[in-house]
Amino acid sequence: MIRFSALDERLMAPKPAAATPLGWRCFQLGLFLLASSAFLGGLALLLALILGSRGRRSVLADRANVVLLVAAVLMVLGCFRAASNELAWLGMGNWLPFFWGFWGFQVYLGTPAARRRVALALVAGTVPVILTGLGQLWWGWSGPFQWLGGLIIWHIKAGGNPPERLAGLFDYANIAGAWMVLAWPLTLAALMEAGLGWRRRGVVLVIAAGLVAAVFLTDSRNAWGALLLAVPVVAGPGSWLWLLPVLLVVLAVIGLSTLPWVPAAPQELARQVVPEAIWGRLIDLEHGGQRPLAITRLAQWQVALGLIAERPWLGWGAAAFSIIYPMRTGFWHGHPHNLPIDLALSHGVPVAVLVVGLVLWLLGRAGWLGMAGGSLFDRAWWAATLVLVALHATDIPLYDSRVNVAGWVLLAGLRCYRQPAPPAGA
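Residues numbered from 1 in each chain as written. Predicted model: local features only at pLDDT ≥ 70, side-chain atom pairs only at ≥ 80, totals over all residues. Heavy atoms only, no water.

J.: For this particular structure, what's the right way to read the nonpolar core?
T.: One recurring pattern in soluble globular proteins is that nonpolar side chains are buried together. If you look at the biggest cluster of nonpolar residues, it comprises 131 residues, and the most contacted ones within it are F27, W179 and M180. Of the residues forming this core, the biggest block, 14 residues, is contributed by helix α8 (residues 173–192). Setting aside anything within four residues of it in sequence, one finds M180 in contact with T126, V129, I130, L166, L211, A214, V215 and T218. (Core = buried A, V, L, I, M, F, W, Y, C linked by side-chain atoms within 4.5 Å. Buried < 20%, exposed > 50% of the residue type's maximum accessible area, 1.4 Å probe, protein only. Helix = DSSP H or I, 4+ residues; strand = E, 2+ residues; numbered from the N terminus. Contact = heavy atoms within 4.5 Å.)

J.: Teacher, can you tell me more about the packing of helix α14 (residues 297–310) against helix α16 (residues 339–347) here?
T.: Relative orientation and spacing of two packed helices are given, respectively, by the angle between their axes and the distance between those axes. Two numbers describe how α14 lies on α16: the axes approach to 9 Å, and their chain directions differ by 35 degrees. Note on packing geometry: the crossing formed by α14 with α16 is left-handed. When α14 is examined against α16, the residues W301, A304, L305, L307 and I308 are found in contact with a partner set consisting of I341, A344 and L345. Residue composition of the contact of α14 with α16, by class: 8 nonpolar, no polar and no charged. (Axes fitted to C-alpha atoms, helices over the stretch in contact; angles between N-to-C directions. Left-handed = near helix turned anticlockwise from the far one by under 90°. Nonpolar A, V, L, I, M, F, W, Y, C, P; charged D, E, K, R; others polar.)

J.: Help me understand empty space enclosed by the protein in this model?
T.: If you roll a probe as big as a water molecule over the atoms, it shows you where there is empty space left. Under the defined criterion, the tally for this structure stands at 1 cavity of 30 Å³ or more. For the largest cavity, the calculated volume is near 60 Å³. Every residue along the wall of the largest cavity is listed here: N174, G177, A178, S220, N222, A223, L391, D395 and P397. Of all the secondary structure elements, the ones that give two or more residues to the lining of the largest cavity are α8 and α10 (221–235). No other element matches α8, which puts 3 residues into the lining of the largest cavity. Partitioned by chemical class, the residues of the lining of the largest cavity number 4 nonpolar, 4 polar and 1 charged. (1 Å grid on protein atoms, 1.4 Å probe; cavity = no way out; pocket = protein on both sides within 12 Å on 5 of 7 lines; lining within 4 Å. Points joined across faces, edges and corners; volume = space filled by probe spheres on them.)

Structural data, given as structure tokens:
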């Protein structure tokens with residue numbers, strides 16, 4: 001009982017003044033459980049959201065919320081003329097609740113100490129993803145595993161999904177990769193934090209090493225790139241003098257091993273340095289360039305842009321791409337692997353401009369105010385948002401609810417960022 005009381009006191013220490021004690025507990029618990037159980041994590045976060053929405057100033061007092069409200073109205077209007085009304089209305093669940101969350105979660109993210117605590121909750125919650133992913137590939141683990149009478153169910157496929165690609169608690173390797181790379185900058189910050197004892201730093205180092213190994217085993221090219229992208233941002237400008245040249249050399253060697261116009265001799269030399277698992281994946285060695293054109297992203301984008309031109313204002317409705325694309329190409333894809341294109345196709349160009357513009361504005365504003373070069377965990381927070389935004393240029397992992405929740409929490413943290421006040425007497 002004494003230990004529980006001490007733990008609770010520690011959890012409550014960085015509570016923002018505007019947050020209720022129960023809401024703050026639920027918010028941390030929900031993010032910790034999110035990767036392991038979308039149901040339990042979602043329930044805790046829903047309660048935190050309800051409590052965080054009470055007694056606040058009008059939602060319309062913030063212009064960012066006005067932008068989302070206009071986008072929501074246009075999305076709803078588009079449902080009435082969608083290619084599939086049922087799918088269109090169901091698709092609202094990927095957006096409208098999260099617009100509310102963007103506003104309601106801000107009460108828990110208003111201070112650097114609170115954002116640090118939330119970041120650590122996400123890092124701790126990623127450990128089961130790493131363990132189950134390594135288990136399914138190395139030890140043949142397969143589910144489902146059930147706890148608490150089925151409230152927590154882990155569907156784990158032995159050998160990964162797709163085969164030989166780590167997926168862990170997620171349905172697909174690319175989604176697992178997206179979750180882990182958004183946690184990677186936060187993990188790196190925890191590893192770099194000053195004042196850690198050797199035991200705690202050792203634990204964080206094991207988590208960080210496991211995360212990097214797990215991301216590599218997803219075989220996700222997007223996730224690999226995101227790992228590198230986050231490092232200089234989290235490390236901070238003070239490290240760039242030596243870190244950026246190192247990263248440039250690494251990228252140059254990888255480029256020599258993969259680019260088609262590189263002469264054979266230097267390319268062969270580079271391929272002796274770069275593992276075949278990396279350069280082979282980057283050049284799609286397994287398929288030898290024999291993929292049907294219709295399953296490539298370029299073909300998907302071409303068809304999607306044509307559909308946008310046919311209905312530019314309100315779009316075709318959520319999930320319409322999964323219906324129309326097979327009819328036009330004979331191949332099924334659930335989405336066009338690019339979020340701005342998917343938004344414009346599903347909900348119209350105005351919605352895409354509003355939502356994507358707001359996200360980029362939040363990222364740019366926070367960076368301009370100093371978050372990208374600020375304290376360690378603020379840099380990590382900004383980097384986590386950056387890599388998640390970048391991933392959505394060639395994939396759409398937000399259609400997994402857990403990634404979606406984490407993404408809107410990160411965006412809410414950006415909106416809360418304020419330029420630190422100068423020291424007294426400065």
